[in-house]
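If you want the building blocks of each chain, they are given just below.
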Amino acid sequence: MAAGTVAYKDRQFLAVIGDEDSVTGLLLAGIGHVTGPPDAQRNFLVVDAKTENSTIEKAFQNFTQERNDIAVLLINQHVAERIRHVVDSYSEAFPAVLEIPSKDHPYDPEKDSVLKRVRRLFGE
Amino acid sequence: MEGLFFNVNSGYIEGIVRGYRNSLLNGQHYSNLTQCETIDDVKLQLAPAYGDFLGALPPNPSTSALAGKMTDKLVAEFRYLLAQATGSTARFLEYLTYGYMIDNVALLITGTLHERDTRELLERCHPLGWFETLPVLCVATNIEELYNSVLVETPLAGFFKDSLSHQDLDELNIEIVRNTLYKNYLEDFYKFVTTHPDFKGTPTQEVMAEILEFEADRRAINITLNSFGTELSKPERRKLYPEFGKLYPEGSLMLSRADDIEAVSLAVSISADYKAFFDAVGLTQGGGLGGMGGSDGKSLEDLFYQKEMEMSKLVFTRQFTPAIVYAWMRLKEQEIRNVTWISECIAQNQKERIGNFISVF
Amino acid sequence: MSGAVGREAVFPTRQSLGLMKSKLKGAETGHSLLKRKNVSEVRISTFTYRRRLRSTGINRTPEITRRIDEAKQKMGRVMQVAAFSLAEVSYAVGGDIGYQVQESAKQARFRVRANQDNVSGVLLPHFESYTEESINDFGLTGLGKGGQQVQRCRETYARAVETLVELASLQTAFVILDEVIKVVNRRVNAIEHVIIPRTENTIKYINSELDELDREEFYRLKKVSGKKQRDVAAADAEIEAAREREAQKQLGAATETPDGPEAPDVLGEQEDNDVIF
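The rules behind the values
- Here the residue numbers are simple positions, counted from 1 along each chain's written sequence.
- In the order they appear in the text, chains get letters beginning with A and ligands get numbers beginning with 1.
- Selection of residues for local features in this predicted model requires a pLDDT of at least 70, selection of side-chain atom pairs for listing and counting requires 80 or more, and totals for whole chains, interfaces and linings are taken over all residues.
- To obtain the side-chain values, all non-hydrogen atoms of the structure were used and water was disregarded.
- Secondary structure elements are defined from DSSP: runs of H or I of at least 4 residues count as helices, runs of E of at least 2 residues count as strands, and each element is numbered from the N terminus.
- N or O atoms within 3.5 Å of each other form a polar contact, as long as, within protein, one can give a hydrogen and the other can take it, and as long as residues adjacent in sequence are counted only when both atoms are side-chain atoms.
- Structural elements are reduced to axes, namely lines fitted to C-alpha atoms, with helices fitted over the stretch in contact, and the angle between N-to-C directions of any two is expressed from 0 to 180 degrees.
- Note on terminology: angles under 35 degrees are roughly parallel, angles over 145 are roughly antiparallel, angles of 65 to 115 are roughly perpendicular, and the others are oblique.
- Left-handed is the label given to a crossing in which the near helix is rotated counterclockwise from the far helix by less than a right angle, and right-handed is the label when the rotation is clockwise.
- What makes two residues a contact is simply this: any of their non-hydrogen atoms within 4.5 Å.
- Each residue gets one label: Ala, Val, Leu, Ile, Met, Phe, Trp, Tyr, Cys and Pro are nonpolar, Asp, Glu, Lys and Arg are charged, and the others, such as Gly, are polar.
- Under the scheme applied here, a residue whose accessible area is under 20% of the maximum for its type counts as buried, over 50% as exposed, and between as partly exposed, the area being computed with a 1.4 Å probe on protein chains only.
- Note: the arc covers the axis-to-C-beta directions of the helix.
- Throughout, the protein atoms alone are placed on a 1 Å grid, and a set of points is a cavity if a 1.4 Å probe fits but cannot get out or a pocket if it is open with protein on both sides within 12 Å along at least five of seven lines; lining residues have an atom within 4 Å of a point.
- Grid points are joined across faces, edges and corners, and a volume is the space filled by probe spheres set on the points.
- Accessible area, probed at 1.4 Å, shrinks when two parts are joined; the buried area is that loss added up over both.
- By definition here, a salt bridge exists when the distance from a side-chain nitrogen of Lys or Arg to a carboxyl oxygen of Asp or Glu is within 4 Å.
- Side-chain atoms within 4.5 Å are what join buried Ala, Val, Leu, Ile, Met, Phe, Trp, Tyr and Cys residues into a set we call a nonpolar core.

Student: Help me get a handle on the environment of T29 of chain C, residues and values and all.
Tutor: Along the chain, T29 of chain C turns up in helix α1 (residues 14-55). Polar side-chain contacts of T29 of chain C include one of 2.7 Å to the backbone oxygen of K25 of chain C.

Student: Describe in detail the packing of helix α4 (residues 63-84) of chain B against helix α17 (residues 323-347) of chain B, supporting the description with residues and values.
Tutor: Residues and elements named next belong to chain B. In the contact formed by α4 and α17, the axes pass within 9 Å of each other and the chain directions differ by 170 degrees. The angle between α4 and α17 places the two elements in the roughly antiparallel class. Crossing hand, α4 versus α17: right-handed. Contact residues: α4 offers T63, L66, A67, M70, T71, K73, L74, E77, F78 and L81, while α17 offers V325, W328, M329, K332, E333, E335, I336, V339, T340, S343, E344 and A347. A class-by-class count of the residues in the contact of α4 with α17 yields 12 nonpolar, 4 polar and 6 charged.

Student: Account for helix α3 (residues 39-50) of chain B, naming residues and giving values.
Tutor: All names here are of chain B. Burial in α3 covers these residues: I39, V42, K43, L46, A49 and Y50. What you see down the axis of α3 is that its buried residues fit within an arc of 100 degrees, all on one side. The outward face of α3, more than 90 degrees from its buried face, is lined by the exposed residues L44 and P48. Phi for G51, located one or two positions after α3, is positive at around 45 degrees.

Student: Talk me through empty space enclosed by the protein; I want residue IDs and the actual numbers.
Tutor: Residue and element names in this part refer to chain B. Using the criterion set out here, one finds 5 cavities of 30 Å³ or more in the structure. A volume near 80 Å³ is recorded for the largest cavity. What lines the largest cavity is simply L24, L25, Y30, M309, L331, Q334, E335, N338, I358, S359, V360 and F361. Per-element accounting of the lining of the largest cavity gives the leading share, 4 residues, to α17.

Student: Describe helix α7 (residues 143-153) of chain B, listing the residues and the values that go with them.
Tutor: I143, L146, Y147, S149 and V150 of chain B are the residues of α7 of chain B that are buried. Where the residues of α7 of chain B are buried, they touch α5 (87-113), α6 (134-137), α8 (157-161) and α9 (166-171) of chain B.

Student: Got a sec to walk through the interface of chain C and chain A? Specific residues and values, please.
Tutor: With 54 residues of chain C in contact, the opposing surface of chain A contributes 49 residues. Of the roughly 4600 Å² buried between chain C and chain A on both sides combined, carbon and sulfur atoms contribute 69%. Counting the contacts that link chain C with chain A gives 0 salt bridges. At the junction of chain C and chain A, the tally comes to 9 residue pairs in polar contact (both at pLDDT 80 or more). Of all the secondary structure elements, the ones that give two or more residues to the side of chain C that touches chain A are α2 (64-93), α3 (98-104), β1 (110-119), β2 (122-131) and α4 (147-256) of chain C. Top element by residues in the side of chain C that touches chain A is α4 of chain C. It accounts for 18 residues.

Student: Describe the nonpolar core, and please don't skip the residues or the numbers.
Tutor: If you look at the biggest cluster of nonpolar residues, it comprises 125 residues, and the most contacted ones within it are L46, F92, F160, F189 and I221 of chain B. Discounting chain neighbours no more than four positions away, the residues touching F189 of chain B are F92, Y95, L96, M208, L212 and Y326 of chain B.

Now the structure itself:
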């Protein structure tokens, strides 16, 4: 575990992948961050019906693996559902991936990959 | 006298709008809507008023899709009116669209500033603020080009010309740009309805002057309240106040100096109406923005909307004026907001707040 | 017994027997300690979570899953309230502010700080949220209309995000704990099913080898003593025979030369006999 404790001191941002309303709300809370030029990177992705799954996957990889300043990744559950295999196979502690409900899709604990793991751990 | 020749050119439009007005939802409709369990029920309840427009919606549509379709109907009806209108009435109707154009242009400015593909933004533009040369603005790649094409291609040139340079677009917050434009627009509109020979001394001048003055005051008050705790300085804030209205000039001056809500409520006490609003939401006791809820759950903005709706309703008591088009549009927009609110409450299971809409009929 | 587990490659000596015995003892102590650690890990972390969950308003059932479940359900409610406040904004503004908000985001006002909690030797991270008050990207949003709703919505969402961050720390802790418990379980199992049997096997082996050696030694000694007895018997017989011959000689000499060599050494001859026996 000792290796995991080193890297997270400079993780201070949240990231979000979600539909427009969720992203707007979370940005209003002030989590939005755009890194400085030249390669301005946003820490949020708006997903709508037209967004390709590969784009979502890429953003997920970017937030979870390439960037090392993200502490928590919030992802709408219905979006996570679209890239379920990626989310399920993600097992790192940092950044924490948290599935959140969206306005049109209430939270369903059955689908949550972490909850599934917790259940398994305690044998339920 | 003013009514003598009005019907020659604009009688048809007035008749149509009065017809439209009758299809606005009334209290009975709203109480039916609030009983709905699902969005589908809402859709069903709206069917007599909105008919075909809602037909294309999928079962249990999202509230934004529903609102979109309702707006489509408003747009279609307004376009029909615009096509029928001639002369000064047509000009009046065009003025109505400028407010939406300002929003659209502000959207494109934001996109250009952040070097986004502005073509994607076109579908986000409000259809009422659409003008033929709007796509031309997307060609601009930097803010200076955009500024020039706005000046050349859009009806908004006059609002830009004297108060904003292209550096301003770059440096000022987009909200300041938007509010500057809106201020110029309101002043211009006010000048138009009070000085144009076709409207001077007619009910149009009377009615519209009252409505626009109210709109100007409302903006001034809102801007003041919302600017507390932001980087907007007092001189800059003052520049955003429209230079007419019941509060102008003394009230505006006091507003421009206000540091807190107390000072604002003192400034607005010139007008009994606004004072009553402030008293109603409890802002005068220094309750702060936290006390926005007020006793009956109405916020200051709600009260302003309420007042606007009542004024719009009264417009229909007048004849021989295109002002009823303005009033109808406001009422219709409020109706769309109401329905969106109700369906939002239903969709999110927040029934206790469902009555928080404004119905005047 | 031996087959799968095998034994360690040691010389079956008494010293290594001693070593193995202490090793077995160590393994057994370690096993019970680790087992207790795993139980306490769950219990202690449960305790920590209860403390933390209380701050998020959940403190009813003793089961971890139930609690994390509840925390997630609560998140659902919190997010719903937040989403509703966004609906209020669009009602008040009378339009869509999404794009503008996305474009005006520059610097994060809401950030998190990662701390560590030490739960029975496992470092669990704990996110703590804080706001950079100086950063305010959306101060002017809704300036002309709906600004107050926007402010309220921002507060509501900020509170919601705080809950989310809490939940994220819980969840991260669970992920790490899961990992740790798995590792510890592996160790417990390894000790229980590999190390202890193998050490026991080795001890058995050493014991049996040592026994074998003992038996060998005993047999060897027996053989040696048997041979010695045989030798002694043979020597006895020889002497007996020698005496016999002597006696016969003397008998013969006495008949032939009765005084001959015997006369000078009568006493000496007797002494000689003594020495031999």
